[in-house]
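# Descriptive analysis of the structure
Given next are the chains, with one letter for each unit.
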Amino acid sequence: MAAVCAASRLLGRKIVSSKALPAVCQASNRKLHFSIYGKKGDAKVSDGISTQYPVVDHEFDAVVVGAGGAGLRAAFGLSEAGFNTACVTKLFPTRSHTVAAQGGINAALGNMEEDDWRWHFYDTVKGSDWLGDQDAIHYMTEQAPAAVVELENFGMPFSRTEEGRIYQRAFGGQSLKFGKGGQAHRCCCVADRTGHSLLHTLYGRSLRYDTSYFVEYFALDLLMEDGECKGVIALCMEDGSIHRFRAKNTVIATGGYGRTYFSCTSAHTSTGDGNAMVTRAGLPCQDLEFVQFHPTGIYGAGCLITEGCRGEGGILINSEGERFMERYAPNAKDLASRDVVSRSMTIEIREGRGVGPDKDHVYLQLHHLPPQQLAARLPGISETAMIFAGVDVTKEPIPVLPTVHYNMGGIPTNYKGQVITHENGEDMVVPGLYACGEAGCASVHGANRLGANSLLDLVVFGRACALTIADTNTPGEKLSPLKPNAGEASVANLDKIRFANGSTRTSEIRLNMQKTMQNHAAVFRTGDVLKEGCEKMDSVYKSLDDIKTFDRGIVWNTDLVETLELQNLMLNAVQTIVAAEARKESRGAHAREDFKDRVDEYDYSKPLQGQEKKPFEQHWRKHTMSYVDPKTGKVTLEYRPVIDNSLNAEECAAIPPAIRSY
Amino acid sequence: MSLLRVYCTTVFVKKGLFLESTYTACQRTAGYASGGVAKDKAPLKKAKTPQGRFDTDEIESKSKDVSERFLDDVNPETKEKGGPRGPEPTRYGDWERKGRCIDF
């Protein structure tokens, strides 16, 4: 019996040991290729910055700030190449503003007719009004077919032709044979929601690789040392802890800054955080004065009403009930081009004939058209008007005003995605820093963006950043040392705002900034209006010192985050208006009443022979590089020449400048 | 015989946890199947809130859905499969959907 018991005890122990157990417990032993909760590696806590704000230090090979289309593509491109990557984002990836892009992606696949990417190159260069860097445009348009096919292989369900190839439609100023062959069909789409599908495809794909996602972490600043970027410092909104992400490579993909204006189509989260981080690091931002407007955006909501409304007979009226377009464009009237309509609307508002309690918008009238015709030609417009404007489109007019849609400017990069500065006449790469997407300015859109080119910009340059990093680095490289108190200034700023006790609220200062920008730096730009705007913006910037916040906590403090976002917006706004005031010409989206023509080095409307080339200081075919002193809000401007040669002159000839006419 | 029992009990001690969880799970599903406890509880679907300005009857809005699917999701004029619903979005030069301009 004793022997039996002993034997059973032995047997029992053997059975209890984990390796012999059945499948129940195996999951805890098996090594997974992703990590639970998305965080892995050792994070060390230190009080190197302050004892009040303990800092958690993480080390990675690469950090991507922003998880929209460009950020996700860069993040999983890097993970695919084997780099230990962190993706720091203030929103859940599928909530980024890319999800709202319902238009399509342009690519010269040649499914509907014979097509060549060089013709797409020509269209984009012309659309940018010759302010785009032709090497970056060459890179983007040449990679476009491969990028779209890659997305399709990732599972993005593009719409198909009968034969099963991707269906392409005509959109976005695309032509064949360098503008001489008629309309090109290059725009690929996914039913009604291309951006939504793109974002979900990229997010799903990124989960295959072991990218560590830090969701709802607000990136405060870059960690710069000796002109090199060594990582990012961020605030975890969930528990209020400060995190430093040390990495040899940082990619910024934070999107645009539409929220500097009163009326914009962007989400409330489009606050230009990346541009502001770069500005505070002492680096320049490029071409911020180029902002794309649309004439008829619904007042308050920011959704755009299609031009088809005016095409079907809708008219714009002012407070006197007058069809004012007849005065500005006697022949085309309401069907004049978008910039003419936007400027006319703004002039009416400035002259006091706006409608509403603040007299700051005009009406779009559709109720004079027969309701059945409206419902047949524009299905869904009554629903849109009711939901966003609260009006019955068959009885009342829709309140509209010019609305910001896209920011062509951003962080200057070369065609590989590396951030550059311009010193002594040459482009110098900032080591360790990259930018892509709407936050970056490569510059492919130049002075004006063509439709359906921005989704292409996201995927091509997101991938380019990942490829450049993979080419020049190896995974697991040792990081250079960082000062233990790096990021101190950001935390000091955070603390100051958290306990701010001035007299104006964040929302009031923000509204002041938005109204000032909408009145002075919108579509209608002349010298006096812009100068007045610059002075007003200066005083609004100074009013930031007198800000009052209410929430003193650190856990999910939205008052604090909104104020940080306001600081970022303010930096973008001052650069935009000062750069617009300085640029004394009209080019693309930047149109001035007092300088109506483009000022290039030659006058391209006349034959070049016998013309003398204007020196660099006297013409305007150059990029604006703006710097701000964050303490005073003073903006300094420098200029950088446009890159006029493509990557390979034999494969693709550069397009010499000409007058842009459609 | 006793050895076997000892062997069985030791195995059951570790497997017991696993079995316990499946046993309770069975109990839970068994409850629904027999329809004893579940029927007395309140229905899971929330009651409808009072009708507001923007509320339409569900059936009405479904039939008036502006962008109805094409047959087999194939557009009859352009033969595009899986494309945007409703009229061609680029017909006015910008990308239009439900009266809103999405891209231009």
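Remember, it's a predicted structure, so these values are computed and weren't measured experimentally. (Residues numbered from 1 in each chain as written. Chains lettered and ligands numbered in written order. Predicted model: local features only at pLDDT ≥ 70, side-chain atom pairs only at ≥ 80, totals over all residues. Heavy atoms only, no water.)

## Side note on the overall build of chain A
- For chain A, the helix and strand inventory stands at 17 helices and 26 strands.
- Relative to the globule expectation of 26 Å for 662 residues, the C-alpha radius of gyration of chain A, 27 Å, shows essentially globular dimensions.
- Taking the principal axes of the C-alpha coordinates as reference, chain A spans close to 110 × 65 × 60 Å.
- Looking at the 662 residues of chain A, the share that counts as buried comes to 58%.
- Look at the contacts in chain A between residues 6 or more apart in sequence, and 72% of them connect residues 24 or more apart. (Helix = DSSP H or I, 4+ residues; strand = E, 2+ residues; numbered from the N terminus. Rg over C-alpha atoms; globule rule 2.2 N^0.38 Å. Buried < 20%, exposed > 50% of the residue type's maximum accessible area, 1.4 Å probe, protein only. Contact = heavy atoms within 4.5 Å.)

## Considering the overall build of chain B
- The number of helices and strands found in chain B is 2 helices and 2 strands.
- Within chain B, the fraction of its 104 residues that count as buried is 17%.
- Within chain B, counting contacts between residues at least 6 apart in sequence, those at least 24 apart form 6% of the total.
- Just so you have it, chain B exposes about 8200 Å², and 60% of that area is on carbon and sulfur atoms. (Areas by Shrake-Rupley, 256 points an atom, 1.4 Å probe, with all protein chains shown as cover.)

## A closer look at the side chain of Ser270(A)
- Counting through the fold element by element, Ser270(A) comes out in the loop between β12 (249-252) and α7 (273-280).
- Residue contacts for Ser270(A): discarding those within four places in its chain leaves His97(A), Gly256(A), Tyr257(A), Gly258(A), Arg259(A) and Leu569(A).

## Here's the deal with the sheet that holds strand β26 (residues 634-641) of chain A
Residues and elements named next belong to chain A.
- Read from one edge to the other, the open sheet built from 3 strands follows the order β13-β25-β26, with strand pairing classed as antiparallel. Strands at the two margins of the open sheet, each flanked by one partner only, are β13 (285-286) and β26.
- In the sheet, strand β25 (residues 622-629) pairs with β26 via 8 bridges, with the strands oriented antiparallel. Each bridged residue has a counterpart across the sheet, and for Val 628 the counterpart in β26 is Val 635. (Pairing = 2+ DSSP bridges.)

## Some details on the sheet that holds strand β7 (residues 183-188) of chain A
Residue and element names in this part refer to chain A.
- Here 3 strands make up an open sheet; going across it, the order is β5-β7-β6 and the pairing antiparallel. Every interior strand has two partners, whereas the edge strands, β5 (105-106) and β6 (168-175), have only one.
- Relative to β7, β6 runs antiparallel, the two being bridged by 4 bridges. Across the sheet, Arg 169 pairs through a bridge with Cys 187, a residue of β7.
- Across the face of the sheet, helix α4 (residues 117-127) comes into contact with β5, β6 and β7 while running at roughly 50 degrees to β6. (Axes fitted to C-alpha atoms, helices over the stretch in contact; angles between N-to-C directions.)

## What about the packing of α7(A) against helix α17 (residues 558-582) of chain A?
Residue and element names in this part refer to chain A.
- The geometry of α7 relative to α17 is characterised by a closest axis approach of 8 Å and an angle of 75 degrees between their N-to-C directions. As the angle between them shows, α7 and α17 are arranged roughly perpendicular. Residues Asp 273, Asn 275, Ala 276, Thr 279 and Arg 280 of α7 form the contact with α17, whose participating residues are Glu 565, Asn 568, Leu 571, Asn 572 and Gln 575. (Parallel < 35°, antiparallel > 145°, perpendicular 65-115°, else oblique.)

## Focus on the domain arrangement of chain A
Residues and elements named next belong to chain A.
- For chain A, the assigned domains are domain 1 (57-100 + 197-292 + 408-472), domain 2 (299-402) and domain 3 (488-601).
- On a C-alpha basis, the centroid separation for the pair domain 1 and domain 3 is 21 Å.
- Between domain 1 and domain 3, the residue contacts involve 37 residues of the former and 33 residues of the latter.
- For the pairing of domain 1 and domain 3, the buried interface totals around 3000 Å² over both sides, and the portion due to carbon and sulfur atoms is 64%.
- Inspection of the domain 1/domain 3 interface yields 2 salt bridges.
- With its nearest N and O atoms 2.7 Å apart, the salt bridge here joins Arg 583 to Glu 289.
- Linking domain 1 with domain 3 are 17 residue pairs in polar contact (both at pLDDT 80 or more), by the criterion used here.
- Of all the elements in the fold, those that place two or more residues in the side of domain 1 that touches domain 3 are β9 (217-225), β10 (228-236), α7 and β14 (291-298).
- It is α7 that contributes the most residues to the side of domain 1 that touches domain 3, 5 residues altogether.
- Split into classes, the residues belonging to the side of domain 1 that touches domain 3 amount to 16 nonpolar, 11 polar and 10 charged. (Domains from an automatic or database assignment. Buried area = accessible area lost by both parts, 1.4 Å probe. Salt bridge = Lys/Arg side-chain N within 4 Å of Asp/Glu carboxyl O. Polar contact = N/O pair within 3.5 Å; in protein donor to acceptor, adjacent residues only side chain to side chain. Nonpolar A, V, L, I, M, F, W, Y, C, P; charged D, E, K, R; others polar.)

## Quick look at the environment of Val45(A)
Residues and elements named next belong to chain A.
- Considering the arrangement of structural elements, one finds Val 45 in strand β1 (residues 44-46).
- Distance from Val 45 to Ser 263, taken between C-alpha atoms, is 43 Å for residues 218 residues apart in sequence.
- For Val 45, the contacting residues outside a window of four places in its chain are Pro 54, Val 55 and Val 56.

## Concerning the pairing of strand β2 (residues 55-59) of chain A
All names here are of chain A.
- For β2, the buried fraction is high: 4 of the 5 residues fall into the buried class.
- Relative to strand β11 (residues 242-246), β2 runs parallel, the two sharing 5 bridges. Directly across from Glu 59, in β11, lies its bridge partner Arg 246.

## What about the pattern of salt bridges?
Residues and elements named next belong to chain A.
- Applying the stated criterion across every chain, the model contains 49 salt bridges over all chains.
- Across the pair Asp 129 and Arg 598 runs a salt bridge, and its minimum N-O distance is 2.5 Å. Residue Asp 129 is located in the loop between α4 and α5 (134-154), and its partner Arg 598 is located in the loop between α17 and β25; the two are separated by 469 residues in the primary sequence.
- Note on Arg 598: relative accessible area 17%, which makes it buried.
- Ionic pairing is found between Glu 581 and Lys 531, a salt bridge with its closest N-O pair at 3.4 Å. Of this pair, Glu 581 sits in helix α17 while Lys 531 sits in helix α16 (residues 527-542); the two residues are 50 residues apart in sequence, bridging distant segments of the chain.
- You can call Glu 581 buried: its relative accessible area is 14%.
- Through salt bridges with shared partners, a single ionic network connects Asp 129, Glu 289, Arg 583, Glu 585, Arg 587, Arg 598, Asp 600 and Arg 660.

## As for the pairing of strand β4 (residues 85-89) of chain A
Residues and elements named next belong to chain A.
- For β4, the buried fraction is high: 5 of the 5 residues fall into the buried class.
- Neither face of β4 is left uncovered, since the one carrying Thr 85, Cys 87 and Thr 89 and the one carrying Ala 86 and Val 88 both have all their residues buried.
- Once the chain exits strand β3 (residues 62-65) it traverses helix α3 (residues 69-80) before rejoining the sheet at β4, and the crossover so formed is right-handed.
- Here β4 pairs with strand β8 (residues 212-215) via 4 bridges, running parallel. If you follow Thr 89 over to β8, its bridge partner there is Val 215. (Right-handed = clockwise from strand over helix to strand, strands pointing away.)

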